[in-house]
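Observations on the three-dimensional arrangement
So the chains spell out like this:
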Amino acid sequence: MKKIYLAPSILSCDLLKLEEQVRLVAENGADFIHVDIMDGHFVPNLTFGPNMVKALRRITDIPLDVHLMIERPDDYLQAYIEAGAYILTVHQEACTHLHRTVQRIHQLGAKAGVSLNPATSLRTVEEILPDLDLLLIMTVNPGFGGQAFIPGGVDKVKRARKMIEAVGKEDFLLEVDGGINEETAGPISAAGANVLVAGNAIFNQPDIVQAMHNIHAAARSYQTVQA
């Protein structure tokens, strides 16, 4: 079975308890901390900036998985990488010259990811896959936490995994973000995802640590059933 990585999203955490909650997930099995950057233009919400990434870097050594849901991402690559992003993910839909953007992320010293909105075809990243470290499949329309999982995302992840296998990169990260919880973690990991982003299903639960365990266990058990 492949390793399943868990990336709690601070979009859903209690910002008054940011340090406490980030330390809690970091000490109890989180593989990445997912940071959603929204500009109010590319998506209808406004969240964090480079200073949040800097603050998180002071709180934890867990790799920061920074997801730019913004217009003109090229203008901000250096700022987020200097702030501490380990993986920097841009949207295919926001990049005019995607290959150049990915090259720049690598030149600046970070892992490069590309994200696709639910309605965006996998074909739009077929040529760039060999240059990526991560592909992020959105299973909700980006902008807000707590949305319902779009069922068609399972098939899209299956097709994405086949494309990645054809490239032959064994350490490639196939990440899924949107509606991930105990019910969806199994099918989506069995489809080929190996990084699960979860926000509400972790931070809005009575027991954050138990919620993380439940999601991870659901993913692993479903893999076992499917094997």
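Keep in mind that this is a model prediction, so the values were computed, not measured.

A word on the overall build of the chain. Within the chain one finds eight helices and eight strands. The globule rule puts the C-alpha radius of gyration for 227 residues at 17 Å, and the 16 Å found for the chain is close to it. When the backbone C-alpha atoms are referred to their principal axes, the chain occupies close to 40 × 40 × 30 Å. Counting over 227 residues, the chain shows a buried share of 54%. Sequence separation of 24 or more characterises 66% of the internal contacts of the chain that already satisfy a separation of 6 or more. By element, 48% of the accessible surface of the chain is carried by carbon and sulfur atoms, the whole surface being about 10,400 Å². Taking the average place of the 19 positive charges on the side chains of the chain and the average place of its 27 negative ones, the gap between the two points comes to 3 Å.

The next point concerns the side chain of His91. By secondary structure assignment, the location of His91 is in strand E4 (residues 87-91). Judged by its relative accessible area of 0%, His91 is buried. Reaching out from His91, the side chain makes a polar contact with the side chain of Asn117 at a distance of 3.5 Å.

Bringing the packing of aromatic side chains into the picture now. The final tally for this structure, using the stated rule, is one aromatic pair. Both rings, one in Tyr5 and one in Phe32, keep their centres 5.9 Å apart while their planes meet at 50°; by these two values the pair is tilted. Linking Tyr5 in strand E1 (residues 5-8) with Phe32 in the loop between helix H1 (18-26) and strand E2 (33-38), this pair joins segments that are 27 residues apart in sequence.

With five of five residues buried, strand E7 (residues 173-177) lies mostly within the body of the structure. Between strand E6 (residues 134-138) and its parallel partner E7, the chain crosses via helix H5 (residues 153-167), and the hand of that crossover is right-handed. Where E7 meets strand E8 (residues 195-198), three bridges bridge the pair, whose relative direction is parallel. In the sheet register, Val176 faces E8, and the bridge partner there is Leu196.

Okay, the nonpolar core next. Membership of the largest hydrophobic core comes to 68 residues, with the highest contact counts inside it found for Val66, Leu135 and Leu196. Residues within four places of Val66 in sequence aside, it is in contact with Val35, Ile37, Val53, Tyr80, Ala85, Ile87, Leu88 and Thr89. In this structure, Phe32, Leu134, Val140 and Leu173 belong to the second largest nonpolar core, which totals ten residues.

Attention now moves to the UniProt feature "active site" (unreviewed entry) in the chain. UniProt tags Asp36 and Asp177 as "active site" (unreviewed entry). The annotated residues occupy 142 residues of the chain but converge on a single region, no pair of C-alpha atoms lying more than 10.4 Å apart. Inspection of the secondary structure puts Asp36 in strand E2. Not counting residues within four places of it along the chain, the set of residues in contact with Asp36 comprises Ser9, Leu11, Thr47, Phe48, His67, Met69 and Asp177. Side chain to side chain, Asp36 and His34 meet in a polar contact 3.0 Å long.

Position of Asn194 relative to the elements: it lies in the loop between helix H6 (182-190) and E8. A polar atom in the side chain of Asn194 sits 2.7 Å from the backbone nitrogen of Leu174. Once residues lying within four places of it in the same chain are set aside, the contact partners of Asn194 are Lys2, Lys3, Ile4, Tyr5, Arg161, Phe172, Leu173 and Leu174.

Cut-offs used in this document
- Residues numbered from 1 in each chain as written.
- Predicted model: local features only at pLDDT ≥ 70, side-chain atom pairs only at ≥ 80, totals over all residues.
- Heavy atoms only, no water.
- Helix = DSSP H or I, 4+ residues; strand = E, 2+ residues; numbered from the N terminus.
- Rg over C-alpha atoms; globule rule 2.2 N^0.38 Å.
- Buried < 20%, exposed > 50% of the residue type's maximum accessible area, 1.4 Å probe, protein only.
- Contact = heavy atoms within 4.5 Å.
- Areas by Shrake-Rupley, 256 points an atom, 1.4 Å probe, with all protein chains shown as cover.
- Lys, Arg positive; Asp, Glu negative; His and termini not counted.
- Charge placed at Lys NZ, Arg CZ, Asp CG, Glu CD.
- Polar contact = N/O pair within 3.5 Å; in protein donor to acceptor, adjacent residues only side chain to side chain.
- Phe/Tyr/Trp six-rings, centres within 6.5 Å; stacked < 30°, edge-to-face > 60°.
- Right-handed = clockwise from strand over helix to strand, strands pointing away.
- Pairing = 2+ DSSP bridges.
- Core = buried A, V, L, I, M, F, W, Y, C linked by side-chain atoms within 4.5 Å.
- UniProt positions renumbered as here; feature names shortened; annotations may be inferred.

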